[in-house]
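The chain contents come next:
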Amino acid sequence: MLRSRQRGGGSLAERGYALAVALIASFVLLLGVAALASRGQLGFIGQAFQTQNRQARDVAEAGIAEFASVLNKEANRYMLIAGDDSSSVWSTTNPSVVNPCTGYNSDGSKISAGPSTPSSVDISRLRSGSVVTIDANRSYVVEEVEFLKEDRTPYTPSDVSYISTVQAGVNRPLIRVTVVGQFIGPGNRSSTSRISREFEVVPKCCKRSFGRNTIGGVNWGRDSRACEIAIGDNDGVIVGMNGGTNPNNACKDADAGICGSKNQKEIYDENCTLNADGTLGSGCQQVNQLLCWEGSSSAPDAGAQDCADGNVALGNPATTGISFVPAIFDFTFPTYSNPAGTPSPQYPTITIPNNATRHITYYNNGTDPAGIRICEVSGSTYTNCRRLDGVDPATAITPPPDPCYQVSGRDLDLTASPPRPYHTYNCQVQNIVLSNPGSTLRFDTTAAQINMLMYNTAYTGLYLGGAGSREISRVHCRTDLSAVPSGTASCGTTVTWDIFKEDCTLTGCEGIEYDVRRLLNVYANGTGSFDLNGTAAGVAFNLYAPFASVELRGGGGAVPNFMGRLWVDELYINGNAKIFTFSSGADGDGPGGGIPLVDFIARSFTQASGF
């Protein structure tokens, strides 16, 4: 008999142990899979945030690039050196941020519409606090704009002297901008990045690259040519001599430069025309760069101090928009070399009586010695003409030398080559006193160029003028330069701006010596003063007095109140004054060389910080 045995795979305990091992293995495997999945998810999230941060930084970088690009537009470049980005400084109505280069074509000719103002749209995107939205996800904020000197100390609009040296092309300031970029990702997750960058602000020539500019041929690039577009060309601008003035200081008798704060001072060049009623016509753009002395006080005819030593300003620069460019004047005063000897007195005083009118003019009656005389007027002729020292040539037997003499080779001679349509006389006096009330002095340049030389350095009083109803003006009646004018006929034609601008048109004259604006010049080398009252008629002569103070009074309806050149130590403008001068022309008007116009470019930036 056969017997069989059935197998059941072991005991119950053995079977339970195997199940536990299988469960643990499955759980461990599940944990590994979960950990692997979690790690992948975290990497994905981290990568997403990193991408957003990078995009925020890209936005900030884009903001920095746009800041530089927009400020480098020609119309905006003077904002690079404004010293402040507040709404009162970076403004379309602030003349100090108007780039004068925008008033010229590339060939140097002026644009009739004048310089362009900065764009209000651009300003709104550049000023501190401006928020610029690129799209729904990207935007940036201009957090801060800083204006720094080379040593990275800040400067402000009140640092007029420093800004003037920058405008002259001497220094390279810095501008630092901080921009915060923002990027908004999925789920409105926001990332920001802050970047600060510095740009050096480099002077350059108008309408082209870098080049030699005003002071010492400074050149910030590889272009060795001199800047070609210039205000000046050896002709006129007002000249402020001394530094150290408070921009709002009425610094009369304070030896402090150009000052006066009562009104805006209006200065225009020869491109300005006047309407028939005397109001400003076309082309009347204000002169915005003036020369000031750059040199030693011991140099011949140098004046007082280097204007770069202090803040030279004309009134309030925030309203005038006028800056000063240091320059060395290659200019020598006429020498008084009287062939007849030394007059006695050497420096006579001329007195105009109360309520009297006197003309200083060339006089020749064909009998008495001809020359510069001070005359009364009777109808259409001059009468009772005396020398400037009071001597009557008709009765004097052995008078001392005349204080006025004709310059050798400068007599009126229409047959000369080139022709000389005027006599030229040098007259040495101490001062001219206009008694008050009603005194009137008129210079008549119909027949002669007159140089008044006030060379008594010991005299410190009033050279010419006075307050009240005194009047100083100029008359000129020469309409035909090809004819010799009468030696006795009086002149009553007041020199207007149109007459003052007339060039010498005689064939061969070439407009060098005998333009109307060059026919009356006053020179003083002492520390006295002038008080010029431009009332019903404007004062029309060139005043070269580098050590003297000048008070120019506005009002009275004259437009302009003064026309001509001013080279003085201190100019005090009293009242609402209009001054017309010359910004371009030929040689012969004294201090010159021109003011090369420069503007600026932000370049060579470096990273200051970024996070």
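## Here's the deal with unusual backbone geometry
Residues Ser344 and Pro345 are joined by a peptide bond in cis, for which omega reads 5 degrees. As for its placement among the helices and strands, Pro345 is situated in the loop between strand E10 (323-327) and strand E11 (349-352). Looking along the chain, the bond that leaves Ser417 and enters Pro418 is cis, with omega of -5 degrees. On the secondary structure map, Pro418 appears in the loop between strand E15 (404-406) and strand E16 (423-428).

## Comments concerning the sheet that holds strand E8 (residues 266-268)
What the four strands build is an open sheet, ordered E8-E28-E26-E24; its pairing is parallel. Each having just a single partner strand, E8 and strand E24 (539-540) make up the two edges of the open sheet. Where E8 meets strand E28 (residues 578-580), three bridges bridge the pair, whose relative direction is parallel. Residue Glu266 lies in a different strand from E28, and its bridge partner there is Lys578.

## Here's the deal with the state of the cysteines
The full count for this structure, using the stated rule, is four disulfides. Between Cys404 and Cys427 runs a disulfide, and the two sulfur atoms are separated by 2.1 Å. Around the S-S axis, the bridge from Cys404 to Cys427 shows a dihedral of about 120 degrees and counts as right-handed. Here Cys404, found in strand E15, pairs with Cys427, found in strand E16; they are 23 residues apart in sequence, far enough to count as distant. Accessibility assignment for this pair places Cys404 and Cys427 in one class, buried.

## What about the confidence of the model for the protein chain?
Of the residues in the protein chain, 71% have a pLDDT of 70 or more, and the chain-wide mean is 77. Per-element mean pLDDT across the protein chain ranges from 46 in strand E6 (residues 239-240) up to 97 in E15. Contacts of residues 315-319 to residues separated by more than four positions or lying in other chains number 15 contacts, the stretch itself having pLDDT below 50.

## Quick look at the nonpolar core
Among the nonpolar cores identified, the biggest contains 44 residues, and Ile432, Leu464, Phe530, Leu532 and Leu543 are the most heavily contacted of them. A total of five residues in this core trace back to one element, the largest contributor, which is strand E25 (residues 542-553). When near neighbours in sequence (up to four residues on either side) are disregarded, Leu464 contacts Ile432, Leu434, Leu441, Ile472, Ser529, Phe530, Asp531, Leu532 and Phe541. Counting residues in hydrophobic clusters, the runner-up holds 35 residues, among them Trp90, Val132, Ile175 and Phe199.

How each quantity is defined
- Residues numbered from 1 in each chain as written.
- Predicted model: local features only at pLDDT ≥ 70, side-chain atom pairs only at ≥ 80, totals over all residues.
- Heavy atoms only, no water.
- Helix = DSSP H or I, 4+ residues; strand = E, 2+ residues; numbered from the N terminus.
- Pairing = 2+ DSSP bridges.
- Disulfide = S-S within 2.5 Å.
- Buried < 20%, exposed > 50% of the residue type's maximum accessible area, 1.4 Å probe, protein only.
- pLDDT = per-residue confidence, 0-100.
- Contact = heavy atoms within 4.5 Å.
- Core = buried A, V, L, I, M, F, W, Y, C linked by side-chain atoms within 4.5 Å.

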